[in-house]
Amino acid sequence: MGGSKLTHILFFFIIFFFVCWPSVMSTKTMMQPRQPCNSLVLYFHDIIYNGKNAANATSAIVGAPDGANLTILAGNKHFGNMVVFDDPITLDNNLHSEPIGRAQGFYFYDKKDIFTAWLGFSFVLNSTDHKGTINFAGADPLMNKTRDISVIGGTGDFFMTRGIATLMTDAFEGEVYFRLRVDIKLYECY
Amino acid sequence: MGGSKLTHILFFFIIFFFVCWPSVMSTKTMMQPRQPCNSLVLYFHDIIYNGKNAANATSAIVGAPDGANLTILAGNKHFGNMVVFDDPITLDNNLHSEPIGRAQGFYFYDKKDIFTAWLGFSFVLNSTDHKGTINFAGADPLMNKTRDISVIGGTGDFFMTRGIATLMTDAFEGEVYFRLRVDIKLYECY
Amino acid sequence: MGGSKLTHILFFFIIFFFVCWPSVMSTKTMMQPRQPCNSLVLYFHDIIYNGKNAANATSAIVGAPDGANLTILAGNKHFGNMVVFDDPITLDNNLHSEPIGRAQGFYFYDKKDIFTAWLGFSFVLNSTDHKGTINFAGADPLMNKTRDISVIGGTGDFFMTRGIATLMTDAFEGEVYFRLRVDIKLYECY
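Residues numbered from 1 in each chain as written. Chains lettered and ligands numbered in written order. Predicted model: local features only at pLDDT ≥ 70, side-chain atom pairs only at ≥ 80, totals over all residues. Heavy atoms only, no water.

### Comments concerning the overall build of chain A
Of the regular secondary structure elements, chain A holds one helix and nine strands. Helices and strands in chain A line up, N terminus first, as α-β-β-β-β-β-β-β-β-β. The buried share of chain A, reckoned over its 190 residues, is 55%. Taking as baseline every contact in chain A between residues at least 6 positions apart, the subset at least 24 positions apart corresponds to 47%. For chain A, the accessible area works out to roughly 8100 Å², and carbon and sulfur atoms hold 58% of it. (Helix = DSSP H or I, 4+ residues; strand = E, 2+ residues; numbered from the N terminus. Buried < 20%, exposed > 50% of the residue type's maximum accessible area, 1.4 Å probe, protein only. Contact = heavy atoms within 4.5 Å. Areas by Shrake-Rupley, 256 points an atom, 1.4 Å probe, with all protein chains shown as cover.)

### Here's the deal with the packing of aromatic side chains
Scanning all chains against the criterion turns up 57 aromatic pairs over all chains. For the pair A:Phe85 and A:Phe121, a centre-to-centre distance of 5.9 Å together with 55 degrees between the ring planes defines the contact as tilted. Note that A:Phe85 is positioned in strand S3 (residues 82-90) and A:Phe121 in strand S5 (residues 117-126), a separation of 36 residues in sequence. Each member of the pair, A:Phe85 as well as A:Phe121, carries the same accessibility label: buried. Considering the side-chain rings of C:Tyr107 and C:Tyr109, the 5.9 Å spacing of their centres and the 85 degrees angle between planes classify their relative orientation as edge-to-face. (Phe/Tyr/Trp six-rings, centres within 6.5 Å; stacked < 30°, edge-to-face > 60°.)

### Topic: the nonpolar core
Counting 39 residues, the largest nonpolar core has A:Met82, A:Phe106, B:Met82, B:Phe106, C:Met82 and C:Phe106 as its most contacted members. Apart from residues no more than four positions distant in its own chain, A:Met82 is found in contact with A:Ala60, A:Ile61, A:Val62, A:Gly63, A:Phe106, A:Tyr107, A:Phe108, B:Met82, C:Val62, C:Met82, C:Val84 and C:Phe106. B:Tyr107, B:Val182, B:Leu186 and B:Cys189 belong to the second-largest nonpolar core, a separate cluster that totals 30 residues. (Core = buried A, V, L, I, M, F, W, Y, C linked by side-chain atoms within 4.5 Å.)

### Here we look at the pattern of salt bridges
All chains considered together, the criterion is met by 24 salt bridges over all chains. Between A:Arg162 and C:Glu188 there is a salt bridge; the shortest N-O distance is 3.8 Å. Of this pair, A:Arg162 sits in strand S8 (residues 162-173) while C:Glu188 is found in strand S9 (residues 177-188), placing the two residues in two different chains. Classification of A:Arg162 by relative accessible area gives buried; the value is 2%. In this structure, a network of salt bridges that share partners links the residues A:Arg162, A:Glu188, B:Arg162, B:Glu188, C:Arg162 and C:Glu188. (Salt bridge = Lys/Arg side-chain N within 4 Å of Asp/Glu carboxyl O.)

### Brief notes about unusual backbone geometry
Phi at A:His78 is positive, roughly 65 degrees, even though this residue is not glycine. By relative accessible area, which is 7% here, A:His78 ends up buried. Of note in the backbone geometry, C:Lys77 takes a positive phi value of approximately 55 degrees without being a glycine. Assignment of secondary structure puts C:Lys77 in the loop between strand S2 (59-63) and strand S3 (82-90).

### Some remarks on the pairing of strand S9 (residues 177-188) of chain A
Residue and element names in this part refer to chain A. A large share of S9 lies buried, amounting to 10 of its 12 residues. Across 10 bridges, strand S1 (residues 38-47) lies against S9 in antiparallel orientation. Note that in S9 the partner of Asn-38 across the bridge is Leu-186. In the sheet, S8 pairs with S9 via 11 bridges, with the strands oriented antiparallel. The partner of Thr-166 across the bridge, within S9, is Asp-183. (Pairing = 2+ DSSP bridges.)

### Considering the state of the cysteines
All names here are of chain B. Under the defined criterion, the tally for this structure stands at three disulfides over all chains. Put simply, Cys-37 and Cys-189 are joined by a disulfide, and their sulfur atoms are 1.9 Å apart. For the disulfide bridge between Cys-37 and Cys-189, the dihedral angle about the S-S bond is near 85 degrees, and by the sign convention the bridge is right-handed. Here Cys-37 is found in the loop between helix H1 (2-31) and strand S1 (38-47), whereas its partner Cys-189 is found in the segment after strand S9 (177-188), with 152 residues between them in sequence. (Disulfide = S-S within 2.5 Å.)

### Brief notes about the side chain of C:Asp87
All names here are of chain C. Along the chain, Asp-87 falls in strand S3. One buried charged residue, Asp-87, forms no salt bridge at all, with the nearest opposite charge on Arg-102 at 6.2 Å. Among the polar contacts made by the side chain of Asp-87, one reaches the side chain of Thr-58 at a distance of 2.7 Å. Ignoring sequence-local partners within four residues, the contact set of Asp-87 consists of Phe-44, His-45, Asp-46, Thr-58, Gly-101, Arg-102 and Ala-103. (Lys, Arg positive; Asp, Glu negative; His and termini not counted. Polar contact = N/O pair within 3.5 Å; in protein donor to acceptor, adjacent residues only side chain to side chain.)

### Considering the side chain of B:Asp46
All names here are of chain B. Checked against the element boundaries, Asp-46 lands in strand S1. Here Tyr-107 takes part through its side chain, which lies 2.8 Å from a polar atom of the side chain of Asp-46. Among all residues touching Asp-46, those that are not within four sequence positions of it are Thr-58, Ser-59, Phe-85, Asp-87, Tyr-107, Val-176, Tyr-177 and Phe-178.

### Topic: the environment of B:Asp157
Residues and elements named next belong to chain B. Mapping Asp-157 onto the fold places it in the loop between strand S7 (146-156) and strand S8 (162-173). Considered as a pair, Asp-157 and Asn-53 are 104 residues apart in the sequence and their alpha carbons are 35 Å apart. What Asp-157 contacts, discounting residues up to four positions off in sequence, is Asp-129, His-130, Lys-131 and Gly-132. Of note is the side chain of Asp-157, whose polar atom sits 2.8 Å from the backbone nitrogen of Lys-131.

### With respect to the pairing of S1(B)
Residue and element names in this part refer to chain B. Counting buried residues in S1 gives seven out of 10 residues, a clear majority hidden from the surface. Across two bridges, the pairing between S1 and strand S3 (residues 82-90) is antiparallel. When the bridges of S3 are listed, Tyr-43 appears paired with Thr-90.

Dropping the structure here:
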């Protein structure tokens, strides 16, 4: 019986490692998936309406604090200015590259003594590579070189995704144009 | 021993399929749960304030771009109009059905050449069947027959939920009334 | 063989309970993690700009419905007032305690017959204990003693977190100051 028992034990462990182990492992992996399951680097371009650039502006001030107006960004680091945007998304940092979708949403400046914003928006992607939306929200302390916001959901190719997007100001021209580099790392994919 | 061994193997597999297999399966299911764990179809009704309908309006323009006002939706496909709403939710498409809760949040039009909006809102449900909130965010290209936004969280009966909501414009009357059908599919339930 | 069989069965169950069971359990735990993996109780303080308190105001009205202005909260339970804020976060309920970060975001009043708001904001924490952001969204029926909103994501120390935040109005002084107690329970931690 000794040899037989050993066979059984061996047999059990072989089965176990090939069948149950992946289940144990995948459970762990899900709780600490520090490796992204998908990642993208994209750029978007914001041209703010200033009363004179209606033709090519991609965003407009729609809210402002007392005493401010809707064509000049407010004093106090633009505190209280709320902007709605529909910005082209490109694969590289060239405003004139073929857009692969639109960044649509809003941001507002929310601090009186330093430039800081808060963003809620979607990447609406419609290219051969990507069809679907990625939804974002979070604080953007834009004087920092990089800042992280949350990917709070997605649809289509990005069904139910979650992750982190790292924003970087790639260009900034006066109070009319800025370009953001968005380094998206998705940690939940379906 | 031959028959005995076979019995053991058989025995092992029987146990395995009934005990370990569900665990393996549920783990997989969680990573690709294309089958919703809960679903609801609800309607909500938006009556936009136009300066004359204060008594029964359920929403109002609170932000507008330069040159627009707060009682007439702006030109350029309403680009930049921001609307706050508190709309009744019903189980069917009848505005006068008993509401089971309120859709509360905001939307804004964000494209100059086609009607497109972005939504952030909650379903605040308070009926015998459902008590709790469901939170939504996402882009709404409203000329499309259906469009998907994200369920980003929930409370009460919808504790920690996530999913996809498919919006469909069920009725649209000039610039005063619209009704959305919301087909909610939840893929994370607790 | 009778005793030997019993030994094998026993042997199997011992192995099973120590090896497969944790996997079955952890799967279940993930689906119903009613025990938070992290929790915090914090306060934030909102001082609304009223035209006279520019020096110490932490928030300002930036959107209002037709007929209202930007220094006096609107009638109809402030329906349609949209406020941008940058509020200090403290560990206790004292406005003058050392802030451990800023609550940055927006809220708007969204009901005509009772005070109700909707919030989208971030806790931007920068203390020895916590560095990172927590992002929130949800409905705030502020006449209720407590109300739950969603933690929709986080960054830094709160990488990818999700959970529930229970809001409680800890103080309310006229239309200038309020203090919220935020009881954060995180159910997804990485």
